Amino acid sequence: MHLRFYNHERILGSGRNATVVYAVERRPSASGFGNLIVYDNLLRQGVEQDSPVVGRNRGIGVGTSLLEDSGLTVLQLVFTAGRYSGSSLAAQGPFPVAPLGTLFERAITGGTGRFRNARGYVLTREVRSTNSTLTGQMDAFITFR
């Protein structure tokens, strides 16, 4: 199964509307070693801000590298509309701070509802950035055991 959706994030520093915030800030970069961020971003059908919402991307990110600007994310993709409403996918993997368009992969480690026993991977590519928002295309490739 292949699903495509878009993660719409209000980035750190965008005030009370931020969907990503520091829980612990030890270094100046979001992915600085020892930093802990939490997030609750919208998942939309498309890249546009007015595209229909299909769910939420909720999780944590931890700065885990002393040598580069990157870390680890643990996330839950919770579907709230459409065919998969009430189901979720669990994933984990890197969050590199990299140029727009950089492709990175996270492992799907399970799911609930229609995604029970899911395995696979999520490919993410940041496709749009402003001073206060970041939009990522997420392609989930899912198999079932």
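Residues numbered from 1 in each chain as written. Predicted model: local features only at pLDDT ≥ 70, side-chain atom pairs only at ≥ 80, totals over all residues. Heavy atoms only, no water.

Engineer: I tried to follow the overall build of the chain on my own but got confused; where do I start?
Structural biologist: Helices and strands together make up the secondary structure of the chain, namely 0 helices and 9 strands. Starting at the N terminus and ending at the C terminus, the chain contains elements arranged as β-β-β-β-β-β-β-β-β. Computed over C-alpha atoms, the radius of gyration of the chain comes to 15 Å, within 12% of the 15 Å expected from 2.2 N^0.38 for 145 residues, which places it in the range of a compact globule. If you line up the chain on its principal axes, its C-alpha atoms span 40 × 35 × 25 Å. The proportion of buried residues among the 145 residues of the chain is 41%. Here the contacts in the chain between residues at least 6 apart in sequence split such that 44% fall between residues at least 24 apart. For the chain, the exposed surface amounts to about 7,700 Å²; the carbon and sulfur share of it is 52%. Once the 16 positive and 10 negative side-chain charges of the chain are each reduced to a mean point, those two points are 8 Å apart. (Helix = DSSP H or I, 4+ residues; strand = E, 2+ residues; numbered from the N terminus. Rg over C-alpha atoms; globule rule 2.2 N^0.38 Å. Buried < 20%, exposed > 50% of the residue type's maximum accessible area, 1.4 Å probe, protein only. Contact = heavy atoms within 4.5 Å. Areas by Shrake-Rupley, 256 points an atom, 1.4 Å probe, with all protein chains shown as cover. Lys, Arg positive; Asp, Glu negative; His and termini not counted. Charge placed at Lys NZ, Arg CZ, Asp CG, Glu CD.)

Engineer: Help me out: how do you make sense of unusual backbone geometry in this one?
Structural biologist: Of note in this structure, N117 is not a glycine but carries a positive phi near 70°. Within the secondary structure, N117 sits in the loop between β7 (103-112) and β8 (118-129). When its relative accessible area of 45% is taken as the criterion, N117 is described as partly exposed.

Engineer: Which parts of the structure should I look at to understand the nonpolar core?
Structural biologist: The tendency in soluble globular proteins is for nonpolar side chains to be buried side by side. Within the largest apolar cluster, 20 residues are counted, with the highest numbers of intra-cluster contacts made by F5, L77, L89, F115, A140 and I142. Sequence-distant contacts of L89, defined by excluding residues within four places in its chain, comprise L75, Q76, L77, F79, I108, G110, G111, F115, A118, A140 and I142. (Core = buried A, V, L, I, M, F, W, Y, C linked by side-chain atoms within 4.5 Å.)

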